[in-house]
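Listed below are the residues making up each chain.
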Amino acid sequence: MIKSAIETALNDQIMREEHSSRIYLSMAIWCEVNGYPGAAAFLYRQADEERMHQLKLVHYINDRGGKAMLKPLELPNADYNSLLEVFEEVMKHEQYITASINDIYEITLKEKDYTTGNFLQWYINEQIEEESTMSTILDKISLVGKDKAGMFHIDKELDTMTANAAPIA
Ligand code: OFO
């Protein structure tokens, strides 16, 4: 049976992952209507990934004898000044998620819940990968600055990257 401190911490994470999904969905919408179809495809897929991260937690809590809970969510930003701002926000958000996963990992150590610690390893690895992907994209966008042709190229690259990405699982 899952301890209540762990259940609470994981339920908070369910809310964060669901919120991540909504943030990326909102960013994808902005990209789609502002002429960045590749970035939109990338962020729509990212929103789906976050939904999967959320569901993984839901099933884990329920399988361990707890109960997954949904919480109210803040409305994400609907408007951005540039693609650079979008990806700066993505990066900041992923760093925040990494910190939250690390905090929960610390709780599992304190509670001697090594099973949940082991389960969280998947999220820890996922965060390393996501932060590195986002930082590469951010570097490229920063490099081209306001150059329209460069931006067009990056958007195409994001499209190809999304088309070649492994199925979400
Ligand atoms: Fe990278 O956001 Fe979910 O875990």
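Now for a quick tour of the structure.

Conventions we followed
Residues numbered from 1 in each chain as written. Predicted model: local features only at pLDDT ≥ 70, side-chain atom pairs only at ≥ 80, totals over all residues. Heavy atoms only, no water. Helix = DSSP H or I, 4+ residues; strand = E, 2+ residues; numbered from the N terminus. Rg over C-alpha atoms; globule rule 2.2 N^0.38 Å. Buried < 20%, exposed > 50% of the residue type's maximum accessible area, 1.4 Å probe, protein only. Contact = heavy atoms within 4.5 Å. Areas by Shrake-Rupley, 256 points an atom, 1.4 Å probe, with all protein chains shown as cover. Core = buried A, V, L, I, M, F, W, Y, C linked by side-chain atoms within 4.5 Å. Phe/Tyr/Trp six-rings, centres within 6.5 Å; stacked < 30°, edge-to-face > 60°. Lys NZ or Arg CZ within 6 Å of the ring centre and 35° of its normal. Salt bridge = Lys/Arg side-chain N within 4 Å of Asp/Glu carboxyl O. Expected span 1.5 Å × (residues − 1). Polar contact = N/O pair within 3.5 Å; in protein donor to acceptor, adjacent residues only side chain to side chain. Axes fitted to C-alpha atoms, helices over the stretch in contact; angles between N-to-C directions. Parallel < 35°, antiparallel > 145°, perpendicular 65-115°, else oblique. Nonpolar A, V, L, I, M, F, W, Y, C, P; charged D, E, K, R; others polar.

We now examine the overall build of the protein chain. Counting secondary structure elements, the protein chain contains five helices and zero strands. The helix and strand sequence of the protein chain, counted from the amino end, reads α-α-α-α-α. Relative to the 2.2 N^0.38 estimate, which gives 15 Å for 169 residues, the radius of gyration of the protein chain is 17 Å and therefore close to what a compact globule would have. When the backbone C-alpha atoms are referred to their principal axes, the protein chain occupies close to 55 × 25 × 25 Å. Across the 169 residues of the protein chain, 44% fall into the buried class. Pairs at least 24 residues apart make up 79% of the contacts formed inside the protein chain by residues separated by at least 6 positions. Accessible surface for the protein chain amounts to roughly 9,200 Å². Of this, 55% is attributable to carbon and sulfur atoms.

This paragraph deals with the nonpolar core. Core analysis: the largest hydrophobic core is formed by 25 residues, its most contacted members being M27, C31, L43, L83, V86, F87 and V90. Within the residue set of this core, elements represented by two or more residues are α1 (4–33), α2 (37–63), α3 (83–110), α4 (114–144) and α5 (148–164). Among the elements that line this core, the one with the most residues is α1, at six residues.

If you walk through the whole model with that rule in mind, you get six aromatic pairs. Ring centres 6.1 Å apart and planes at 25° place the aromatic pair W30 and Y36 in the stacked group. Each member of the aromatic cluster is reached from another via a ring pair, and the members are Y60, F119, W122 and Y123. Here the basic side chain of K56 rests over the ring of W122, its NZ or CZ set 4.3 Å away from the ring centre.

Counted by the stated rule, this structure contains six salt bridges. The salt bridge partner of R45 is E49, with a shortest N-O separation of 2.8 Å. Within this pair, R45 and its partner E49 are both found in helix α2, separated by four residues, close to a single helical turn. Neither R45 nor E49 differs from the other in exposure class; each is buried. A salt bridge links R64 to D113; the shortest N-O distance between them is 3.7 Å. Here R64, found in the loop between α2 and α3, pairs with D113, found in the loop between α3 and α4; they are 49 residues apart in sequence, far enough to count as distant. What makes R64 partly exposed here is its relative accessible area of 21%. Overall, D113 belongs to the buried group, its relative accessible area being 8%.

Bringing α1 into the picture now. For α1, spanning 30 residues, the distance from its first C-alpha to its last is 44 Å, which sits close to the expected 44 Å at 1.5 Å a residue. Trailing α1 by a residue or two, G35 shows a phi angle of about 85°, which is positive.

For K112, which is not glycine, the phi dihedral falls at a positive 55°. Along the chain, K112 falls in the loop between α3 and α4.

This paragraph deals with the side chain of E50. In this fold, E50 is placed in helix α2. Within polar-contact distance, the side chain of E50 engages the side chain of H53 at 3.0 Å. Setting aside anything within four residues of it in sequence, one finds E50 in contact with E17, S20, S21, Y24, E94 and E130.

In this section: the packing of α2 against α4. The angle between the axes and the distance between the axes are what describe a pair of packed helices. One can describe the packing of α2 onto α4 by two numbers: an axis separation of 12 Å at closest approach and a directional angle of 170°. One way to sum up the angle between α2 and α4 is to call them roughly antiparallel. Residue-level inspection shows F42, Q46, E49, E50, M52, H53, K56, L57 and Y60 of α2 in contact with α4, the latter providing T115, T116, F119, W122, Y123, E126, E130, T133, M134 and I137. Of the residues contributing to the contact of α2 with α4, the split by class is nine nonpolar, five polar and five charged.

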